[in-house]
Amino acid sequence: MKRMLQPFQFKNGVELHNRLVLAPMTHYSSAPTGEVSEHELAYYRKRAKNVGLAITACAYVTEDGKGFPNAFGVNDDKFIPGLRQLAESLRAEGAKAILQIFHAGRMSPPELVPNEQPVSASAIAPVREGAVTPRALETEEVEAIIEAFGEATRRAIEAGFDGVEIHGANTYLIQQFFSPHSNRRDDRFGGDVNARLTFPREVIRSVKRAAEGADDFLIGYRFSPEEVEEPGITLDDTDVLIDMLLEENLDYLHASLWNFNIGSMRNENVTERSIDRIAKRINGAVPLIGVGQLQRPGQVEDALNVIDLAALGRELIIDPDWLEKVKDGREDEIETELDLNKQAELAVPAPLWNAITTRAGWFPIKDQAVK
């Protein structure tokens, strides 16, 4: 039996029927006011059948934390009914439903946040064309965002989710507090590598407090191992981060990699894969999710020699029947390029479809005429 098809049990007793994970991917398809849409429900139902664990796109925990147009929110109780529908849609297919919670920080598009002013750990603009310099959060505002992560967790529990994933990756606010590039603070949330872990640690503890009593509720944490900025997060810094995460006794860690097999982004002389270094540091203490262009079953099986759970993102957008083909012995029929004639069949919402087809290189596209 393939390892990916084997069940997996977390320490708190929650069991998955296989070791595949639906990776969190933004889809730009919620209502403009932050409610979950019917298009999203159809998109998730189509893909949850493949996996034991389904992680949603990121939901913003405060109004100034929006990162994308037409994303869904978890910053108000009014969103609970729609989030409940989302959780039920995922769970109906047999997957455990995880709500990813985040704050975009300086990566927020100005037009989406109050006063068109992104906020961050410090008033340092991201290194990208046209970037806006954020306003540095006051200490009291930082503390309020920490509590907002706890409130988001309460709402996730009320909506029936099986857990939350704290989004500490992909250059968003939690990572911004950890990064020496974006965090130049002189209060308790800034300083050396250990001091810069104060915000992530307190977010975790806020989430854990909100989940007290929910013994079968999973809490995970997603992180990016490095930054290309200078100064930026290094693999040595991430060793310190992992040690802190292990101390906090989370249910799983999720390494965010664009390619599972890459080494260091900062040092081309490093030959060891980042995922191998991360797995060695964790040393089996907590389950590890890996992701990054795992297109074929053989690649997933090889990855599961290092990690506990394998996440598929673009792969399940391109082919929602990925797992069925594996089970039926039809692995050679798995699609690895997007068929531009199958938007309706794939249940991909129009805003996501438009983003995919207009962003060069984001998805492999099948070479054919569009009908």
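All of these numbers come straight from a predicted model, not from anything done at the bench. (Residues numbered from 1 in each chain as written. Predicted model: local features only at pLDDT ≥ 70, side-chain atom pairs only at ≥ 80, totals over all residues. Heavy atoms only, no water.)

**Some words on unusual backbone geometry**
Going from Glu-230 to Pro-231, the amide bond is cis rather than trans, its omega being -5°. Counting through the fold element by element, Pro-231 comes out in the loop between strand E9 (218-223) and helix H6 (235-247). Even without being a glycine, Asn-115 presents a positive backbone phi close to 60°. Using a relative accessible area of 77% as the deciding quantity, one classes Asn-115 as exposed. (Helix = DSSP H or I, 4+ residues; strand = E, 2+ residues; numbered from the N terminus. Buried < 20%, exposed > 50% of the residue type's maximum accessible area, 1.4 Å probe, protein only.)

**Points about the UniProt feature "domain: NADH:flavin oxidoreductase/NADH oxidase N-terminal" (unreviewed entry) in the chain**
UniProt records the feature "domain: NADH:flavin oxidoreductase/NADH oxidase N-terminal" (unreviewed entry) for residues 5-333 in the present numbering. Its end C-alpha atoms 18 Å apart, residues 5-333 is made of 31% helix and 15% strand. (UniProt positions renumbered as here; feature names shortened; annotations may be inferred.)

**Considerations on the nonpolar core**
The tendency in soluble globular proteins is for nonpolar side chains to be buried as a group. Leu-99, Phe-199 and Tyr-221 are the most contacted members of the largest nonpolar core, which totals 106 residues. Among all residues touching Leu-99, those that are not within four sequence positions of it are Thr-56, Ala-59, Phe-72, Val-74, Leu-83, Ala-156, Phe-161, Gly-163, Val-164 and Glu-165. Counting 15 residues, the second largest nonpolar core, distinct from the first, contains Phe-8, Val-14, Val-21 and Ala-311. (Core = buried A, V, L, I, M, F, W, Y, C linked by side-chain atoms within 4.5 Å. Contact = heavy atoms within 4.5 Å.)

**Section: the environment of Val-119**
Residue placement: Val-119 occurs in strand E6 (residues 119-120). Between the alpha carbons of Val-119 and Gly-34 there is a distance of 20 Å; along the sequence they are 85 residues apart. Dropping the residues within four chain positions of it, Val-119 is found in contact with Asp-64, His-103, Gly-105, Arg-106, Pro-134, Arg-135, Leu-137, Leu-173 and Gln-176.

**Thoughts on the packing of aromatic side chains**
Enumeration over the complete set of coordinates arrives at eleven aromatic pairs. Ring plane angle 80° and centroid distance 6.0 Å describe the contact between Tyr-28 and Phe-68, whose orientation is recorded as edge-to-face. On the criterion of sequence distance, the pair formed by Tyr-28 in the loop between strand E3 (20-22) and helix H1 (38-48) and Phe-68 in the loop between strand E4 (53-60) and helix H2 (80-92) is long-range, its members being 40 residues apart. With a centroid separation of 6.4 Å and an interplanar angle of 75°, the aromatic rings of Phe-189 and Phe-199 are classed as edge-to-face. One end of the pair, Phe-189, is in the loop between helix H4 (173-178) and helix H5 (198-210); the other, Phe-199, is in helix H5, with ten residues separating them in the sequence. For Phe-189, a relative accessible area of 0% translates into the label buried. Members of the aromatic cluster, each reached through a chain of ring pairs, are Tyr-28, Phe-68, Phe-102 and Tyr-172. Its end group placed over the ring of Trp-362, Arg-359 keeps NZ or CZ at 4.2 Å from the ring centre. (Phe/Tyr/Trp six-rings, centres within 6.5 Å; stacked < 30°, edge-to-face > 60°. Lys NZ or Arg CZ within 6 Å of the ring centre and 35° of its normal.)

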